[in-house]
Amino acid sequence: MDRRDTLDVFYSYSHRDAELRRELDVHLALLKRQAVIRTWHDGEIQAGQEWSHEICEGLEKAHVILLLVSPDFIASDFCWSTEMARAMERHEAGTARVIPV
């Protein structure tokens, strides 16, 4: 697979589920190593960066958006009303694929 064919994958998750997100990242390691996918999550935001801007940019860039659905995800206003809402808009428009996990 050519590097330009690499799919950008965005993790949408509650911070309370960070350990589960890390575990999923381990399961996807081979796809990352083979440059099939490139993952991104808000834990990669650097100090001084505007976190909401970085998250929105990650959502817009993603080919695949993984919604790590849990009770904490559902309870989070930001996950539910911002990330999932935009993810579903992109999914319905055909510009990204949303996969609930």
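Right, let's walk through the structure included here. Keep in mind that this is a model prediction, so the values were computed, not measured. (Residues numbered from 1 in each chain as written. Predicted model: local features only at pLDDT ≥ 70, side-chain atom pairs only at ≥ 80, totals over all residues. Heavy atoms only, no water.)

1. Remarks on the side chain of Asp17
- Note on placement: Asp17 falls in the loop between β1 (7-12) and α1 (18-27).
- Beyond its immediate stretch of four places on either side in the chain, Asp17 contacts Leu68, Ser70, Asp72 and Phe73. (Helix = DSSP H or I, 4+ residues; strand = E, 2+ residues; numbered from the N terminus. Contact = heavy atoms within 4.5 Å.)

2. Quick look at the side chain of Arg21
- Summarising the element assignment, Arg21 is placed in helix α1.
- When near neighbours in sequence (up to four residues on either side) are disregarded, Arg21 contacts Tyr11, Tyr13, His41 and Leu68.

3. Thoughts on the sheet that holds strand β2 (residues 37-40)
- Here we have four strands laid out as an open sheet, ordered β2-β1-β3-β4, and parallel in their pairing. Only two strands of the sheet have a single neighbouring strand rather than two, namely β2 and β4 (97-100). Strand-to-strand twist of the sheet, defined as the mean angle between neighbouring strand axes without regard to direction, takes the value 25°.
- Relative to strand β3 (residues 64-67), β1 runs parallel, the two sharing four bridges. (Pairing = 2+ DSSP bridges. Axes fitted to C-alpha atoms, helices over the stretch in contact; angles between N-to-C directions.)

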